[in-house]
Amino acid sequence: MIGSPLRAAWRTAIVVVITLPLMIVQALLLALGAGLARALPLRYHRWCCRIFGLRVVARGKIAARGPTLFVSNHQSYLDITVLGSVVEVSFVAKREVADWPLFGWLAKLQRTVFVARKAAAVAGERDEIARRLAEGGNLLLFAEGTSNDGTHLLPFKSALLSVAERDIGGRPLAVQPVSIHYTRLDGMPIGRQWRPLFAWYGDMELLPHFWTFLGLGQITVEIVFHPPVTIAQLGSRKALAEHCRAAVLSGLSSSMTGRAPARPSAKTDAAAA
């Protein structure tokens, strides 16, 4: 048997005790329009990382001026907790997530933007993303459009990056590529054989996968924040998508090999990491 059922049960109990009251608090903060509604999810995800045994190592410098559209690869539902523990951000997710039990409610409480990812709906979804960015909040987009096994990087979809063609708050929108990779389990490198313990993709069932994960030991996750760019620097939406993919791929390669990214940047503030 992989993992400890006792550890999984303990972690489940602690997360439930913390999550249910905070869901009520967050709902009230959203109803009141309080600024703390943006900050509370950051704290919540940090607590969850500690409970789950997720050790997050962040490299690179998070864009100092907001709002920012972060563009990341996608390996698992765990990406939400990991990335949400480092940067104050809401997510762009497929519309089906809104109907998931518990996870859908949590996504709504973090002000997730739900999209259909269909060509006919792109214009309206782009407008909604632009509106949310104009309010001053950061958003994170999983540009592959789906999660994968963690050993490959799918093509980045450029449709929703069309929001970068607009000025937000009177200046070009900053787009920051982000790489995320699960590297070690209890200090041992995670190879291809064990990667499905963390990566959630294809026809995997969510709850059995999550239960197995909860029983595991300490997991090291590496995040690389690459230098932000604007569409004006690259010339087109397609070029922006290709640039972001190349940057994310360099970060994944560095995490897999232990080498520095092709375009290294300054270390993240220790408090953020």
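Computed from a prediction, not measured in an experiment: that's the story for all the values here.

A. Inspection of the overall build of the protein at higher detail. Summing up its helical and strand segments, the protein has 8 helices and 10 strands in all. Taken against the 2.2 N^0.38 rule, which gives 19 Å for 273 residues, the C-alpha radius of gyration of the protein at 18 Å falls within 12% of a compact globule. Judged by the C-alpha coordinates and their principal axes, the protein covers about 55 × 45 × 40 Å. Within the protein, the fraction of its 273 residues that count as buried is 50%.

B. Summary view of the packing of aromatic side chains. This structure, assessed with the given rule, holds 11 aromatic pairs. Arranged with centres 6.2 Å apart and planes meeting at 75°, the rings of Phe70 and Phe225 form a pair that is edge-to-face. With a gap of 155 residues between them, Phe70 in strand 2 (residues 68-72) and Phe225 in strand 10 (residues 219-225) connect regions that are remote in the sequence. We classify Phe70 as buried; its relative accessible area is 1%. Considering the side-chain rings of Tyr77 and Phe103, the 6.4 Å spacing of their centres and the 55° angle between planes classify their relative orientation as tilted. In this pair, Tyr77 sits in the loop between strand 2 and helix 3 (78-84) while Phe103 sits in helix 4 (residues 103-109), placing the two residues 26 residues apart along the sequence. Ring-pair connections join several aromatic residues into one group, and the members of that group are Phe52, Tyr77, Trp100, Phe103, Trp200, Phe210 and Phe213.

C. Spotlight on the packing of helix 1 (residues 5-32) against helix 6 (residues 206-214). Where helix 1 meets helix 6, the axes come as close as 7 Å, and the angle between the chain directions of the two elements is 105°. What the angle tells us is that helix 1 and helix 6 run roughly perpendicular. Across the interface between the two elements, Pro5, Arg7, Ala8, Ala9, Arg11 and Thr12 of helix 1 pack against Trp211, Phe213 and Leu214 of helix 6. Partitioned by chemical class, the residues of the contact of helix 1 with helix 6 number 6 nonpolar, 1 polar and 2 charged.

D. How the structure looks around the pattern of salt bridges. Going through the model one piece at a time under the given rule, you end up with 8 salt bridges. One salt bridge connects Glu125 with Arg95, and the closest N-O pair in it is separated by 3.5 Å. With a gap of 30 residues between them, Glu125 in helix 5 (residues 122-134) and Arg95 in the loop between strand 3 (90-94) and helix 4 connect regions that are remote in the sequence. Its relative accessible area of 5% is what places Glu125 among the buried residues. Note on Arg95: relative accessible area 43%, which makes it partly exposed. The closest approach of N and O atoms between Glu135 and Arg132, which form a salt bridge, is 4.0 Å.

E. Seen up close, the nonpolar core. Core analysis: the largest hydrophobic core is formed by 43 residues, its most contacted members being Phe52, Tyr182, Phe213, Ile219 and Ile223. Where this core is concerned, the elements lending two or more residues are helix 1, helix 2 (36-52), strand 1 (54-60), helix 3, strand 5 (139-142), strand 8 (174-185), helix 6 and strand 10. At 7 residues, helix 2 tops the list of elements feeding residues into this core. Beyond its immediate chain neighbours, meaning those up to four positions away, Phe213 contacts Arg11, Phe52, Leu54, Tyr77, Leu78, Leu197 and Ile219.

F. Quick peek at helix 6. All of the buried residues in helix 6 are Leu206, His209, Phe210, Phe213 and Leu214. The arc that holds the buried residues of helix 6, viewed along the axis, is 135°, so those residues lie on one side. For helix 6, the elements touching its buried residues are helix 1, helix 2, strand 1, helix 3, helix 4 and strand 10.

The rules behind each value
Residues numbered from 1 in each chain as written. Predicted model: local features only at pLDDT ≥ 70, side-chain atom pairs only at ≥ 80, totals over all residues. Heavy atoms only, no water. Helix = DSSP H or I, 4+ residues; strand = E, 2+ residues; numbered from the N terminus. Rg over C-alpha atoms; globule rule 2.2 N^0.38 Å. Buried < 20%, exposed > 50% of the residue type's maximum accessible area, 1.4 Å probe, protein only. Phe/Tyr/Trp six-rings, centres within 6.5 Å; stacked < 30°, edge-to-face > 60°. Axes fitted to C-alpha atoms, helices over the stretch in contact; angles between N-to-C directions. Parallel < 35°, antiparallel > 145°, perpendicular 65-115°, else oblique. Contact = heavy atoms within 4.5 Å. Nonpolar A, V, L, I, M, F, W, Y, C, P; charged D, E, K, R; others polar. Salt bridge = Lys/Arg side-chain N within 4 Å of Asp/Glu carboxyl O. Core = buried A, V, L, I, M, F, W, Y, C linked by side-chain atoms within 4.5 Å. Arc of directions from axis to C-beta.

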